[in-house]
Amino acid sequence: MKSYYILYLFLIGSVFWASGKQPNILFIFSDDHAYQAISAYGSNRNQTPNLDRLANEGMRFDRAFVTNSICAPSRAVVLTGKHSHLNGQFTNKETFDGSQQTFPKLLQKAGYQTALFGKWHLKSSPTGFDSWEVLRGQGPYYNPLFLTKKGRKNITGYTTNIITDRTLNWLKNERDKEKPFFLCSWHKAPHRNWLPAPKYMSKYDDRDIPEPETLRDNYENRLSPASTQAMTIDKHMRDDWDFKLTTPKGFNNEQKRIWEATYEPKNKAFREAKLEGDDLLKWKYQRYAKDYLRCIDSVDENIGRLLDYLDQTGLSKNTVVVYSSDQGWYLGEHGWYDKRWMYEESFRTPLLVRWPGTIEPGSVNMDLVQNLDYAQTFLDICEAKQPTDMQGRSLLSLLKGETPEDWRKSIYYQYYEFPGSHNVRRHYGVRNHRYKLIHFYMIDGWELYDLQNDPNEMKSVYGEPEYEQIRNVMKKELIRLRKKYLVPEDNRPLPKEIKEIY
Ligand code: CA
């Protein structure tokens, strides 16, 4: 009788364990996804029904930002919970030091199984993941090569779909169903050069995508960096790579046939029209925006596949779903594509979190949060200890709808990749709920934006007398944050020969 009783207690205990003391986390992460291209964020350009589902059933963060708006550095910040100057990934050029402390390693210690499928982009092999299959480098849109623990593997098809297939396969067939999981499904899309899946190649052909107000920005009223960049749709996009006036490489015969049947007529019409001036800019914007949005259509569709699977299996109840991007993106704002700047569109990033029973459905958070906070948030959700040397703060109380009294009122940013692609000058700065102060430190130039009066950041008010007090307050705050985050005074100096060309 006694042994039956012990067995009974054991079964009750197992059921309790399995029913959800430790939640699972599914972290869907995309690359270069502008919040302006998510309907839950009010996009006037596209519809993203599955991302909207996450927002409607969970929380939308409207003031989520990154600390360094570029791919590899952002991933390193997410993994370590530390700014670039401490995790060593300043730009896309370094190799990530995977021997350092990261949150997946800490989750493993806390009893989680960890898995990663998709884009990694940190050069060194993933550490802290029990299972992983990652794209080599940036990865292509079609027929990707995956690096795995067992070697290399080529898979035919469209990368966004394949990453989801691999994620679902792990959920269905490969994981240990007795253990809680932390699962990453990290997309290449919608990173440049925007090759859509066959089913979306003709989408938007029947309409124009609205242009952003600042598409024809002439960069007046700001310092020189805004005009010396090399990232305008008009002058810096390439006919072959970006506009695809020639057939992109990497297709198999069937994919190539579908591509040419769809794009050749559009390209022929473009060549015959011989567009110039503003008409040409309009065409370039439309070609770029449509291909970009088509890639997002696949991301959204694949998020739907994951959410459906979680619903069908009952996993939804105890699985936190997080969606974010490694940074924001210019979908034509200021005439640009790409990222890197502390200006809003690339500084901000989408962040949607669903957690049934904990997050109020349809809630919106306006607190200042950063990708620096993700590591500690994941550890906190999983009830694992947060190391004291991480630099963010758990978002758990925010997810529960409670903002602590002492939540931060300002955030720090620093960008390092100059010289580098797109010629964006190094800068650091501080943003609070209303103002943003930017220091282009190699030329010792300052910009100040009043985001309430000038949300598009078209005019720096740094030199205006009525902003003197704000300027001083923001400078003090900048000094405080640089101390708090242990930013070295010298900001990782440039080599001498580079200083001369700056
Ligand atoms: Ca990116």
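Predicted model only: the values in this text are computed from it and were never measured. (Residues numbered from 1 in each chain as written. Predicted model: local features only at pLDDT ≥ 70, side-chain atom pairs only at ≥ 80, totals over all residues. Heavy atoms only, no water.)

### Here's the deal with the overall build of the protein chain
Counting its regular elements, the protein chain contains 15 helices and 16 strands. Computed over its C-alpha atoms, the radius of gyration of the protein chain comes to 23 Å, within 12% of the 23 Å expected for a compact globule of 502 residues. Counting only C-alpha atoms, the protein chain reaches 85 × 60 × 45 Å along its principal axes. Among the 502 residues that make up the protein chain, the fraction classed as buried is 61%. Excluding contacts between residues fewer than 6 apart, the proportion of contacts in the protein chain whose partners are at least 24 apart in sequence is 69%. (Helix = DSSP H or I, 4+ residues; strand = E, 2+ residues; numbered from the N terminus. Rg over C-alpha atoms; globule rule 2.2 N^0.38 Å. Buried < 20%, exposed > 50% of the residue type's maximum accessible area, 1.4 Å probe, protein only. Contact = heavy atoms within 4.5 Å.)

### Some words on the coordination of the calcium ion
At the metal site, the calcium ion is ligated by Asp31 (OD), Asp32 (OD), Cys71 (SG), Asp326 (OD), Asp326 (OD) and Gln327 (OE1), and these contacts range over 2.2 to 2.6 Å. Coordination at the calcium ion is irregular, judged from the six donor atoms that bind it and the angles of 53 to 159° they form at the metal. We note that the donor set of the calcium ion lies within a single chain, spaced as D-D-x38-C-x254-D-Q. One end of the pair, cysteine 71, is in helix α3 (residues 71-80); the other, aspartate 326, is in the loop between β9 (319-325) and α11 (344-347), with 255 residues separating them in the sequence. (Donors = N, O, S within 2.8 Å, 3.2 Å for Na, K, Ca; no water. Tetrahedral: all angles 85-135°; square planar, octahedral: opposite > 155°, others 65-115°.)

### Comments concerning α3
Burial within α3 is extensive, with ten of its ten residues counted as buried. Taken as a whole, α3 has its buried residues at Cys71, Ala72, Pro73, Ser74, Arg75, Ala76, Val77, Val78, Leu79 and Thr80. Contact partners of the buried residues in α3: β1 (24-30), α4 (84-87), α5 (103-109), β8 (181-186) and α12 (374-381). Glycine 81 occupies a position one or two residues after α3 and carries a positive phi of about 70°.

### Considerations on the pairing of strand β6 (residues 145-148)
Within a regular strand, the side chains alternate between the two sheet faces. Two elements, strand β5 (residues 131-135) and β6, share three bridges in a ladder whose sense is antiparallel. Within β6, the residue paired with leucine 135 across the bridge is phenylalanine 146. Taken together, the four bridges between β6 and strand β7 (residues 151-154) define a ladder with antiparallel strand orientation. Bridge pairing links phenylalanine 146 to lysine 153 in β7. Where β6 folds back on β7, the antiparallel hairpin that results is connected by two residues. (Pairing = 2+ DSSP bridges.)

### Quick word on α12
By the criterion of burial, α12 is predominantly enclosed, with seven of the eight residues buried. Two residues or fewer past α12, glutamate 383 is found with a positive phi of approximately 60°.

### A word on the nonpolar core
The biggest cluster of nonpolar side chains holds 81 residues, and the ones touching the most others in it are Leu171, Trp194, Tyr288, Tyr292, Tyr323 and Tyr343. Looking at this core element by element, the count peaks at 15 residues for helix α10 (residues 277-313). The next biggest cluster of nonpolar side chains, apart from the first, holds 44 residues, and it includes Phe103, Leu122, Cys184 and Leu395. (Core = buried A, V, L, I, M, F, W, Y, C linked by side-chain atoms within 4.5 Å.)

### A look at the domain arrangement of the protein chain
Taken as a whole, the protein chain is organised into domain 1 (22-195 + 285-501) and domain 2 (201-213 + 228-284). Counting residues at the interface gives 36 residues for domain 1, matched by 37 residues for domain 2. The junction of domain 1 with domain 2 conceals about 3,200 Å² of combined surface from both sides, 53% of it contributed by carbon and sulfur atoms. A per-residue breakdown of the area domain 1 buries against domain 2 is headed by Tyr285, Arg287 and Arg294, which together make up 24% of the total. Connecting domain 1 to domain 2 are four salt bridges. Among the salt bridges present, the one from aspartate 297 reaches lysine 203, with a minimum N-O distance of 3.1 Å. On the surface where domain 1 and domain 2 come into contact, there are 34 residue pairs in polar contact (both at pLDDT 80 or more). Residue composition of the side of domain 1 that touches domain 2, grouped by class: 13 nonpolar, twelve polar and eleven charged. (Domains from an automatic or database assignment. Buried area = accessible area lost by both parts, 1.4 Å probe. Salt bridge = Lys/Arg side-chain N within 4 Å of Asp/Glu carboxyl O. Polar contact = N/O pair within 3.5 Å; in protein donor to acceptor, adjacent residues only side chain to side chain. Nonpolar A, V, L, I, M, F, W, Y, C, P; charged D, E, K, R; others polar.)

### Things to note about the side chain of serine 84
Here serine 84 is to be found in helix α4. Looking at serine 84, the relative accessible area reads 3%, which means it is buried. If near-sequence neighbours (up to four positions away) are discounted, serine 84 is found in contact with Asn68, Pro73, Val77, Gln89, Phe90 and Tyr416.

### Observations regarding empty space enclosed by the protein
Within this structure, the stated rule accounts for one cavity of 30 Å³ or more. Size it by volume and the largest cavity reaches roughly 70 Å³. In terms of lining, the largest cavity is formed by Phe61, Val322, Leu351, Val353, Tyr374, Thr377, Phe378, Ile381, Leu395 and Leu399. Counting only elements with at least two residues in the lining of the largest cavity, the list comes to β10 (351-354) and α12. Of all the elements, α12 adds the most residues to the lining of the largest cavity, at four residues. Partitioned by chemical class, the residues of the lining of the largest cavity number nine nonpolar, one polar and no charged. (1 Å grid on protein atoms, 1.4 Å probe; cavity = no way out; pocket = protein on both sides within 12 Å on 5 of 7 lines; lining within 4 Å. Points joined across faces, edges and corners; volume = space filled by probe spheres on them.)

### Some remarks on the pattern of salt bridges
Enumeration over the complete set of coordinates arrives at 40 salt bridges. For lysine 284, the salt bridge goes to aspartate 234, with nearest N and O atoms at 3.8 Å. With lysine 284 in helix α10 and aspartate 234 in helix α8 (residues 233-236), the pair connects residues that are 50 residues apart, well separated along the chain. On the basis of relative accessibility, which here comes to 11%, the residue lysine 284 falls in the buried class. With a relative accessible area of 33%, aspartate 234 lands in the partly exposed category. The residue lysine 244 makes a salt bridge to aspartate 291 at a minimum N-O spacing of 3.0 Å. You can see lysine 244 sitting in the loop between α8 and α9 (253-273) and its partner aspartate 291 sitting in helix α10, a full 47 residues away along the chain. Both residues of the pair, lysine 244 and aspartate 291, belong to the buried class. Through salt bridges with shared partners, a single ionic network connects Asp32, Asp338, Lys339, Arg340 and Glu417.

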